[in-house]
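So the chains spell out like this:
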Amino acid sequence: MNKNSAIQTVGILTSGGDAPGMNAAIRAVARTAWAKGLNVKGIYRGYSGLLKQEIFDMDKSFTCDIISRGGTVLYTARCEEFKELEAQERAAQICRDNGIDGLIVIGGDGSFRGAQKLAAQGINTVALPGTIDLDIACTEYTIGFDTAVNTAMQAIDKIRDSSTSHERCSIIEVMGRNAGYIALWCGIASGAEDIIIPERFDGNRPKLEGKLIDSIMEKKAIGKKHHLIINAEGIGHSYGMAKRIEQATHVETRASILGYMQRGGSPTAKDRVYASYMGALAVDLLCAGATNRVVGYRNGQYIDYDIEDALGMAKDVDEYEFEIAQILGR
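This structure is a prediction, so every number in the text was calculated from the model and none was measured.

Criteria and thresholds
Residues numbered from 1 in each chain as written. Predicted model: local features only at pLDDT ≥ 70, side-chain atom pairs only at ≥ 80, totals over all residues. Heavy atoms only, no water. Helix = DSSP H or I, 4+ residues; strand = E, 2+ residues; numbered from the N terminus. Contact = heavy atoms within 4.5 Å. Areas by Shrake-Rupley, 256 points an atom, 1.4 Å probe, with all protein chains shown as cover. Lys, Arg positive; Asp, Glu negative; His and termini not counted. Charge placed at Lys NZ, Arg CZ, Asp CG, Glu CD. Phe/Tyr/Trp six-rings, centres within 6.5 Å; stacked < 30°, edge-to-face > 60°. Buried < 20%, exposed > 50% of the residue type's maximum accessible area, 1.4 Å probe, protein only. Expected span 1.5 Å × (residues − 1). Arc of directions from axis to C-beta. Patch = residues over 30% accessible without salt bridge, like charges linked within 9 Å, V, L, I, M, F, W, Y side chains within 5 Å. Salt bridge = Lys/Arg side-chain N within 4 Å of Asp/Glu carboxyl O. Axes fitted to C-alpha atoms, helices over the stretch in contact; angles between N-to-C directions. Parallel < 35°, antiparallel > 145°, perpendicular 65-115°, else oblique. Left-handed = near helix turned anticlockwise from the far one by under 90°. Pairing = 2+ DSSP bridges.

What follows covers the overall build of the protein. Along its length, the protein carries eleven helices and eleven strands. A principal-axis box enclosing the C-alpha atoms of the protein has dimensions of 75 × 35 × 35 Å. Within the protein, contacts between residues separated by at least 24 positions form 74% of all contacts whose residues are at least 6 apart in sequence. Carbon and sulfur atoms provide 48% of the accessible area of the protein, an area that totals close to 14,500 Å². Positive and negative charge centroids in the protein, built from 37 and 42 side chains respectively, lie 3 Å apart.

This is the structure:
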């Protein structure tokens, strides 16, 4: 056993939406813990599984050949029950009953809040940012974002080939309910003429569609044969938008919703490497006596924050980046 740390057994769970690279983080947590002489317990299905005691002793064979797999081998679920104090107290006791004195949670801000509640109940917790949306303010990188963007970009490139052949307008809806980072990055990477994101939408749909129609007609007047619009999920209504644009412009317009394909697939090298570093650091933090922390990446360094401070930070799309995206699409 590890004689230099009060932590003897590390638990791991994944919560909320799955993200490519979560398995790399799980692998790194487990193998770093074993290297320090710690026991490792896996928890299936997030906080829901913790409350149901879906807990097992993880062995080294569990982490073999998972680094290249998408999704999460620990499965995931959302758990409304965990918002209640009684559930939090019961979960903390379950951790104690199973000898888990350090818990690593991989997920988004909702998962962070759960980790924070467990820390308040005396369980040492460290959270890792696992979300394809890149919507966590304390970090410039979240596990899964790079893969999601590359998956969407490859699909958009294929759709654009067909759009060009048919001289049509294509509206491609990517994930991002409250955050437009996938749409913004995909729009820049794919050379889109227009990018629509929640952060820059005032709720006036007729005004938005009017601008898109003007943009299409302006480019058609200078000889453009196709038009690509990247639309974030938080804006939505892509099929109706396509119909109205076609009626107004007489340009054949089609909508494609990429959906959950963006969550899946083998993670990119960046998601595997960054998730691995974050997983190892999470174990180091627990062994150093830290709790109620979230791991982040800023200015080229892996860092950690108090979860309360992290949740209190606000994030917005960089104005200059958005401006550049608009300039490049003209």
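The subject of this paragraph is the packing of aromatic side chains. Two numbers describe a pair of aromatic rings. These are the distance of the centres and the angle of the planes. Counted according to the given criterion, the structure contains ten aromatic pairs. Look at Tyr44 and Phe56: their rings are 4.7 Å apart centre to centre, the planes differ by 25 degrees, and that puts the pair in the stacked class. Note that Tyr44 is positioned in the loop between β2 (39-43) and α2 (46-51) and Phe56 in strand β3 (residues 55-57), a separation of twelve residues in sequence. Using a relative accessible area of 23% as the deciding quantity, one classes Tyr44 as partly exposed. Consider the rings of Tyr274 and Tyr297, whose centres lie 5.0 Å apart with planes at 45 degrees: the pair is tilted. Taken as a pair, Tyr274 in helix α9 (residues 269-287) and Tyr297 in strand β10 (residues 293-298) lie far apart in primary sequence, 23 residues in all. Assessed through its relative accessible area of 18%, Tyr274 is described here as buried.

The end-to-end C-alpha distance of helix α8 (residues 238-249) is 16 Å, a good match for the 16 Å that twelve residues give at a rise of 1.5 Å each. Of all the positions in α8, only Ser238, Met241, Ala242, Ile245 and Thr249 are classed as buried. Projection of α8 onto a plane perpendicular to its axis shows the buried side chains occupying an angular sector of 100 degrees, all on one side. Pointing more than 90 degrees away from the buried face of α8 are the exposed residues Tyr239, Lys243 and Gln247.

Together, Ile188, Ile327 and Leu328 make up an exposed nonpolar region whose accessible area comes to about 260 Å². Structurally, Ile327 can be placed in helix α11 (residues 319-328). The class for Ile327 is partly exposed, based on a relative accessible area of 38%.

Summarising the element assignment, Glu319 is placed in helix α11. Classification of Glu319 by relative accessible area gives partly exposed; the value is 45%. The spatial distance from the C-alpha of Glu319 to the C-alpha of Arg200 is 9.8 Å, given a sequence separation of 119 residues.

Below, the discussion takes up unusual backbone geometry. One non-glycine residue with positive phi stands out, namely Tyr75, at about 60 degrees. Its place among the elements puts Tyr75 in the loop between β3 and α3 (85-97). Notably, Asn299 is not glycine yet its phi reads approximately 50 degrees, a positive angle. Along the chain, Asn299 turns up in the loop between β10 and β11 (301-306). Assessed through its relative accessible area of 68%, Asn299 is described here as exposed.

Where helix α6 (residues 181-190) meets α11, the axes come as close as 10 Å, and the angle between the chain directions of the two elements is 40 degrees. One element, α6, and the other, α11, form an angle in the oblique class. Crossing hand, α6 versus α11: left-handed. Side by side, α6 and α11 meet where Leu184, Trp185 and Ile188 of the first sit next to Glu321, Phe322 and Ala325 of the second.

Here the focus is the sheet that holds strand β8 (residues 227-232). Taken in spatial order, the four strands make up an open sheet running β7-β8-β6-β9, and their pairing is parallel. Each edge of the open sheet is held by one strand with a lone partner, namely β7 (194-196) and β9 (253-257). Taken over all neighbouring pairs, the strand axes of this sheet differ in orientation by 15 degrees on average, direction set aside. Taken together, the six bridges between strand β6 (residues 169-174) and β8 define a ladder with parallel strand orientation. Bridge pairing links Ile172 to Ile230 in β8. Here helix α7 (residues 205-221) sits on the sheet and contacts β6, β7 and β8; the angle it forms with β8, its principal contact strand, is near 160 degrees.

This brings us to the side chain of Ser48. Here Ser48 is to be found in helix α2. Among all residues touching Ser48, those that are not within four sequence positions of it are Ala77 and Cys79.

Remember, this is a structural readout, not a statement about activity or role.
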